[in-house]
Amino acid sequence: MTSAEVQTVIDQNMTDVSTNQIRQTPTFFVNGESLDPFGMQELIDAVESEIEEISEEEDGQ
């Protein structure tokens, strides 16, 4: 656990936390947007909304 490889992973994780403004775990992202407030229904709704948007874009082509 004290190897350079493990420290590299930890450092990358800390950078990701800072860059993505993670304040809690779990934190979910749907297409790069954090899910706030977090909840199972909110996650379902966000995914369904994204699928609907993509479907509408494909139908319009």
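Everything below is about the structure shown above.
Now for a quick tour of the structure. (Residues numbered from 1 in each chain as written. Predicted model: local features only at pLDDT ≥ 70, side-chain atom pairs only at ≥ 80, totals over all residues. Heavy atoms only, no water.)

1. Considering the overall build of the chain
Right, on to step 1. Per the secondary structure count, the chain includes two helices and two strands.
Right, on to step 2. The C-alpha atoms of the chain give a radius of gyration of 17 Å, which is well past the 10 Å a tight globule of 61 residues would have.
Right, on to step 3. Among the 61 residues that make up the chain, the fraction classed as buried is 8%.
Right, on to step 4. Within the structure as shown, the chain displays about 5400 Å² of accessible surface, and the carbon and sulfur contribution to it stands at 51%. (Helix = DSSP H or I, 4+ residues; strand = E, 2+ residues; numbered from the N terminus. Rg over C-alpha atoms; globule rule 2.2 N^0.38 Å. Buried < 20%, exposed > 50% of the residue type's maximum accessible area, 1.4 Å probe, protein only. Areas by Shrake-Rupley, 256 points an atom, 1.4 Å probe, with all protein chains shown as cover.)

2. Re a nonpolar patch on the surface
Right, on to step 1. Side chains of Val 6, Ile 10 and Met 14 sit close together on the surface and give an oily, nonpolar patch of about 250 Å² of accessible area.
Right, on to step 2. Here Ile 10 lies in helix 1 (residues 4-19).
Right, on to step 3. Judged by relative accessible area, which is 40%, Ile 10 ranks as partly exposed. (Patch = residues over 30% accessible without salt bridge, like charges linked within 9 Å, V, L, I, M, F, W, Y side chains within 5 Å. Salt bridge = Lys/Arg side-chain N within 4 Å of Asp/Glu carboxyl O.)

3. Details of unusual backbone geometry
Right, on to step 1. Here the residue pair Thr 25 and Pro 26 is connected by a cis peptide bond, since its omega of 0° sits within 30 degrees of zero.
Right, on to step 2. Locating Pro 26 in the fold gives a position in the loop between helix 1 and strand 1 (29-30).
Right, on to step 3. In this structure, the amide linkage connecting Asp 36 to the following residue, Pro 37, adopts the cis form with an omega of 10°.
Right, on to step 4. Along the chain, Pro 37 falls in the loop between strand 2 (33-34) and helix 2 (40-59).
Right, on to step 5. Non-glycine residue Gln 21 carries a positive phi angle of around 50°.
Right, on to step 6. Here Gln 21 shows up in the loop between helix 1 and strand 1.
Right, on to step 7. Classification of Gln 21 as exposed rests on a relative accessible area of 60%.

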